[in-house]
Amino acid sequence: MNSLLLNLQNRLSVLSPGLIVVGTIAAAAGFLSLHYKAPVMLFALLIGIAFNFLSTDERCAPGIEFSSKKILRFGVALLGFRVTIEQISGLGTNTLLFVPILVILSIGTSVLIAKLMGRRYLFSLLTACAVSICGAAAALAVASVLPNWKERHRDTLFIVVCVTALSTIAMIAYPILFSVAEFNDAEIGILIGSTIHDVAQVVGAGYAVSNETGDIATFIKLLRISMLPIIVIMIAVILNRGESKSISPKAFPWFALAFAVCLVVNSSGYIPALLSQFLANVSQWSLVFAIAGLGVTTSLKSMMELGGRSIALLVLQTLALLVIAILAVSTEFI
């Protein structure tokens, strides 16, 4: 027992400098988000990049790496407390069929667009999942199971910045666009939930139209989020197949399975609403910590090297998702 406590104390002493740095950045991001009504993850990322010089400090590096890996997976797992099976099943059969088809079609189309633009396969898959599922959270979760490449952190953060910016633009533009196109409130809710990348912007856009639109948009978005563990596990198994016949316990994305477990537990009715909300908030702040940690490890100069072609790729993938969703609603598939 004493040796366990001693090991824990030693571990904390190693991690604490980096965790303090990341925690301070997350707190500053929360303060700015609260006062300026902008996405907290974007602030965490930008402030983190400003402290990139600390990534080479031997005292801070372990805690920063812990935040960008372990805390990230913990946060993704707790995302399960943001949705229940009852909410998903209450959307109706057509909707339950529509969302998985939408996600798969969007990923396939996005990868094809990236291939035509000459982008590397892993980068293409990362952008496709970020656009098709749930923005920054999907980018972080999928990146954690992809094979490592030299600029993985840089590429992941670039995608986080882009999808967050595109979500913010869509939050303003899509309600106007869908209203001009004369979709009704329910249809606008489906379209907003299907096409905007991040949850906060989905909520903002949906309830800006009406309460009905906001409720439907949120449920559709949560159903897209529920696809995350399935996609992550599929990617991990498929990519690992080339190296061995079965995925190793170490390589298996247990955090994705934990997401599904949290979803089931949250749906059981035995978890008080207050506790469920608290755990959802813990998930949100864990992801903020992770993005702050990733931001510190990435230089702005290296991110700018990706250039306008990568931005164009994400814009085209976003437009492809929008077209697929509009066609589905217009043809009364849903």
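Just above, that's the structure.
None of the values given here were measured: they were computed from a predicted structure.

Calculation criteria
Residues numbered from 1 in each chain as written. Predicted model: local features only at pLDDT ≥ 70, side-chain atom pairs only at ≥ 80, totals over all residues. Heavy atoms only, no water. Helix = DSSP H or I, 4+ residues; strand = E, 2+ residues; numbered from the N terminus. Buried < 20%, exposed > 50% of the residue type's maximum accessible area, 1.4 Å probe, protein only. Areas by Shrake-Rupley, 256 points an atom, 1.4 Å probe, with all protein chains shown as cover. Patch = residues over 30% accessible without salt bridge, like charges linked within 9 Å, V, L, I, M, F, W, Y side chains within 5 Å. Salt bridge = Lys/Arg side-chain N within 4 Å of Asp/Glu carboxyl O. Contact = heavy atoms within 4.5 Å. Axes fitted to C-alpha atoms, helices over the stretch in contact; angles between N-to-C directions. Parallel < 35°, antiparallel > 145°, perpendicular 65-115°, else oblique. Left-handed = near helix turned anticlockwise from the far one by under 90°. Nonpolar A, V, L, I, M, F, W, Y, C, P; charged D, E, K, R; others polar. Expected span 1.5 Å × (residues − 1). Bend = angle between axes of the 7 residues up to and from the residue.

**Q** What is the right way to read the overall build of the protein from this model?
**A** When helices and strands are counted, the protein shows 15 helices and zero strands. Looking at the protein as a whole, 51% of its 334 residues are labelled buried. Accessible surface for the protein amounts to roughly 15700 Å². Of this, 68% is attributable to carbon and sulfur atoms.

**Q** Any chance you could explain a nonpolar patch on the surface here in plain terms?
**A** Taken together, the side chains of Trp-254, Leu-257, Val-261 and Val-265 make up a nonpolar region of the molecular surface, amounting to roughly 350 Å² of accessible area. By secondary structure assignment, the location of Val-261 is in helix 12 (residues 254-267). With relative accessibility at 47%, the residue Val-261 sits in the partly exposed group.

**Q** Just to check I follow, could you spell out the environment of Leu-146 for this structure?
**A** Relative to the helices and strands, Leu-146 is located in the loop between helix 6 (121-143) and helix 7 (152-180). Residues Leu-146 and Phe-123 lie 23 residues apart in sequence; the distance between their C-alpha atoms is 9.7 Å. Residues in contact with Leu-146, not counting those within four places in the same chain, are Leu-122, Leu-125, Leu-126, Arg-152, Ile-235 and Leu-239.

**Q** Which parts of the structure should I look at to understand the packing of helix 3 (residues 61-78) against helix 13 (residues 273-296)?
**A** Working note: a packed helix pair is described by the angle between its axes plus the distance between those axes. The geometry of helix 3 relative to helix 13 is characterised by a closest axis approach of 7 Å and an angle of 150° between their N-to-C directions. Relative to helix 13, the element helix 3 is oriented roughly antiparallel. The element helix 3 and its partner helix 13 pack so that their crossing is left-handed. Packed against helix 3, whose contacting residues are Ile-64, Ser-67, Ser-68, Ile-71, Leu-72, Phe-74, Gly-75, Val-76 and Leu-78, the element helix 13 presents Leu-279, Val-282, Ser-283, Ser-286, Leu-287, Phe-289, Ala-290, Gly-293, Leu-294 and Val-296 at the interface. Split by residue class, the contact of helix 3 with helix 13 holds 13 nonpolar, six polar and no charged.

**Q** Before we go on, may I ask you to explain helix 3 in this structure?
**A** The α-helix winds at 3.6 residues per turn, so residues separated by three or four positions along the chain end up facing the same way. The end-to-end C-alpha separation of helix 3 is 25 Å, in line with the 26 Å expected for 18 residues at 1.5 Å each. The sharpest bend along helix 3 measures roughly 35° and falls at Ser-67. Within helix 3, the full set of buried residues consists of Gly-63, Ile-64, Ser-67, Ser-68, Ile-71, Leu-72, Gly-75, Val-76, Ala-77 and Leu-78.

**Q** Any chance you could explain the pattern of salt bridges here in plain terms?
**A** Proximity of charged atoms lets side chains of opposite charge pair with each other. On inspection of all chains with the given rule, the structure shows one salt bridge. The salt bridge involving Arg-59 is made with Asp-57; its shortest N-O contact spans 2.9 Å.

**Q** Explain the packing of helix 7 against helix 8 (residues 185-195) to me, please; I cannot follow it from the model alone.
**A** For the pair helix 7 and helix 8, the least separation of the axes is 10 Å and the interaxial angle reads 145°. The handedness of the crossing between helix 7 and helix 8 comes out as right-handed. When helix 7 is examined against helix 8, the residues Tyr-174, Pro-175, Phe-178 and Ser-179 are found in contact with a partner set consisting of Ile-188, Leu-191, Ile-192 and Thr-195. A per-class count over the contact of helix 7 with helix 8 returns six nonpolar, two polar and no charged.

**Q** Can you help me understand the side chain of Thr-156 in this one?
**A** Mapped onto the elements, Thr-156 comes out in helix 7. Beyond its immediate sequence surroundings of up to four residues, Thr-156 is in contact with Leu-126, Ala-139, Leu-140 and Ala-143.

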